[in-house]
Amino acid sequence: MKFPRKYSLTEIAELIDCNYKGDSEFPVLGMNEIHVVTPGDIVFVDHPKYYDKALQSAATVILINKEVECPEGKALLVSDDPFRDFNKLTRHFNPFKGSVKAVSDSAKIGEGTYIQPNVVLGNDVRIGKNCLIHANVNIGDNCIIGDNVVIHAGTVLGGDAFYYKKRPEGFDKLLSGGRVVVENNVEIGSNCSIDRGVTGDTIIGEGSKLDNLIQIGHDTVIGKKCIIASQVGIAGCVIVEDDVTIWGQVGIRSDITIATGTVLMAQCGVSKDTIPNTTYWGTPFGEVRTKLKEYAAIKKLPEIVKNLK
């Protein structure tokens, strides 16, 4: 998320009432999660395990819960609770805006696009030309839909990220201020749920086709010309590169990359990066021919045990 203008380090420190380390006029341009930060962004970190990753990231302002040595060319915002203060910044720069009608007055709809009954379009939604949005679709604030897109009934674009911090009194939610961006020539089936980014974009790439009942987590990027079958669940911050095929009931954990040309057979449990143009099967998943040999060997175990006896 980029701010509407350049802010100084002191201005941001005053907004969240924290100390800082660095030039008082150090420029602050936005805020983002660590996997999408660019120079000028704030990133937050509240666990020593991730200090080095945050300090060495592309972010130039680190919201941190300990005063550490500041890398050259960067600045620190020192807070007793970075998670809380990151939420304060989201509330300030992207506050919740309620809707008073199903289709917001600020929504923009392109020529030749059909909006069926009971569709909800939030504030500042953008929909391109020649789209078909079926009944009961909900598209949240600031989401962007390209040209020639079809979205089937009951799908929700722009729900909040599933991102919580466990505290003694319960779970504290990280607020979502990002968007969903659907590129041209995409079709999304019925009753899908695509979460908005926390501060960036969840993206469905050009020409990709999604079946019904698919969950895509926050800040995940689906590449071009991918095909995803029913009941797939993709966690947040996943990169799915181009020309990937994902069959039914596949589950994909967060923070991994599904390489170009990968095929994931039904019910794969995907826990790490894949190799380009490779087919996988099973849970835990593996290259399909290897997994089939393993299962064939397992079938022989009763006979082997009998012979051993």
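Refer to the structure above for everything that follows.
Residues numbered from 1 in each chain as written. Predicted model: local features only at pLDDT ≥ 70, side-chain atom pairs only at ≥ 80, totals over all residues. Heavy atoms only, no water.

Asks: What is the right way to look at the sheet that holds strand β1 (residues 2-8) in this model?
Replies: Sheets are built from strands paired through backbone hydrogen bonds, the pairs being either parallel or antiparallel. With mixed pairing, the 6 strands of this open sheet are ordered in space as β1-β3-β4-β5-β6-β2. Strands with a single pairing partner mark the edges of an open sheet, and in this sheet they are β1 and β2 (19-21). Looking at each pair of strands side by side, their axes are set apart by 30 degrees on average, direction ignored. Pairing geometry for strand β4 (residues 41-45) and strand β5 (residues 61-64), over 4 bridges, is parallel. Within β5, the residue paired with phenylalanine 44 across the bridge is leucine 63. (Pairing = 2+ DSSP bridges. Helix = DSSP H or I, 4+ residues; strand = E, 2+ residues; numbered from the N terminus. Axes fitted to C-alpha atoms, helices over the stretch in contact; angles between N-to-C directions.)

Asks: Just to check I follow, could you spell out the state of the cysteines for this structure?
Replies: Working definition: the covalent bond between the sulfur atoms of two cysteines is a disulfide. Throughout the structure, instances matching the rule amount to 0 disulfides. With no disulfide partner, cysteine 18 has as its closest neighbouring cysteine sulfur the one in cysteine 70, 13 Å distant. Owing to a relative accessible area of 14%, cysteine 18 belongs among the buried residues under this scheme. No disulfide involves cysteine 192; its sulfur sits 14 Å from that of cysteine 143, the nearest cysteine. Residue classification places cysteine 192 among the buried positions, given a relative accessible area of 2%. (Disulfide = S-S within 2.5 Å. Buried < 20%, exposed > 50% of the residue type's maximum accessible area, 1.4 Å probe, protein only.)

Asks: Can you walk me through the pairing of strand β18 (residues 179-182) in this structure?
Replies: Regular strands have side chains that alternate between both faces of the sheet. The pairing of strand β13 (residues 144-145) with β18 spans 2 bridges and is classified as parallel. Residue pairing in the sheet places isoleucine 144 in a bridge with valine 181 of β18. With 4 bridges connecting them, β18 and strand β21 (residues 201-204) associate as parallel partners. For valine 182, the partnering residue across the bridge sits in β21 and is isoleucine 204.

Asks: Please clarify how the pattern of salt bridges should be interpreted in this entry.
Replies: Oppositely charged side chains can pair when the atoms bearing their charge come close. Counted according to the given criterion, the structure contains 15 salt bridges. Here arginine 84 ties to aspartate 80 by a salt bridge, and the two come within 2.7 Å at their closest N and O atoms. Here arginine 167 makes a salt bridge to aspartate 81, at a shortest N to O gap of 3.1 Å. In this pair, arginine 167 is assigned in strand β16 (residues 164-167) and aspartate 81 in the loop between β6 (75-78) and α3 (82-93), connecting sequence segments 86 residues apart. Here arginine 167 matches aspartate 81 in class, with each residue buried. By sharing partners, the salt bridges in this structure join Asp80, Arg84, Asp85 and Lys88 into a single network. (Salt bridge = Lys/Arg side-chain N within 4 Å of Asp/Glu carboxyl O.)

Asks: Looking at this structure, I do not really get the sheet that holds strand β26 (residues 233-234). What am I missing?
Replies: Pairing within the open sheet is parallel, and its 8 strands lie in the order β9-β12-β15-β20-β23-β26-β29-β32. Looking at the sheet topology across the chains shown, the edges are occupied by β9 (120-121) and β32 (269-270).

Asks: Looking at this structure, I do not really get the packing of aromatic side chains. What am I missing?
Replies: Describing an aromatic ring pair means giving the distance of the ring centres and the angle of the ring planes. Going through the model one piece at a time under the given rule, you end up with 9 aromatic pairs. With a centroid separation of 5.2 Å and 85 degrees between ring planes, the pair formed by tyrosine 7 and phenylalanine 93 is classed as edge-to-face. Taken together, the residues span a long stretch of sequence, with tyrosine 7 in strand β1 and phenylalanine 93 in helix α3 at a distance of 86 residues. The burial state of tyrosine 7 is the same as that of phenylalanine 93; both residues are buried. Ring plane angle 45 degrees and centroid distance 4.9 Å describe the contact between phenylalanine 44 and phenylalanine 86, whose orientation is recorded as tilted. On the criterion of sequence distance, the pair formed by phenylalanine 44 in strand β4 and phenylalanine 86 in helix α3 is long-range, its members being 42 residues apart. Taken as a pair, phenylalanine 44 and phenylalanine 86 share a single burial class, namely buried. Here a set of aromatic residues connected by ring pairs shows up, and it is made of Phe3, Tyr7 and Phe93. For the cation-ring pair, arginine 5 lies above tyrosine 7, with the distance from its terminal atom to the ring centre recorded as 3.8 Å. (Phe/Tyr/Trp six-rings, centres within 6.5 Å; stacked < 30°, edge-to-face > 60°. Lys NZ or Arg CZ within 6 Å of the ring centre and 35° of its normal.)

Asks: Where do I start with a nonpolar patch on the surface in this structure?
Replies: Taken together, the side chains of Tyr295, Ile298, Leu301, Ile304 and Leu308 make up a nonpolar region of the molecular surface, amounting to roughly 510 Å² of accessible area. Broken down by secondary-structure element, the contributors of at least two residues to the nonpolar patch are α4 (288-299) and α5 (301-308). Of all the elements, α5 adds the most residues to the nonpolar patch, at 3 residues. As for its placement among the helices and strands, tyrosine 295 is situated in helix α4. Taking the relative accessible area as the measure of exposure, tyrosine 295 reaches 37% and is therefore partly exposed. (Patch = residues over 30% accessible without salt bridge, like charges linked within 9 Å, V, L, I, M, F, W, Y side chains within 5 Å. Areas by Shrake-Rupley, 256 points an atom, 1.4 Å probe, with all protein chains shown as cover.)

Asks: Would you explain the side chain of arginine 196 in this entry?
Replies: Checked against the element boundaries, arginine 196 lands in the loop between β20 (193-195) and β21. In this structure, arginine 196 is buried with no salt-bridge partner, the nearest side chain bearing the opposite charge being aspartate 160 at 4.5 Å. For arginine 196, the side chain forms a polar contact with the main-chain oxygen of aspartate 141, separated by 3.1 Å. A distance of 2.5 Å separates a polar atom in the side chain of arginine 196 from the backbone oxygen of glycine 178. (Lys, Arg positive; Asp, Glu negative; His and termini not counted. Polar contact = N/O pair within 3.5 Å; in protein donor to acceptor, adjacent residues only side chain to side chain.)

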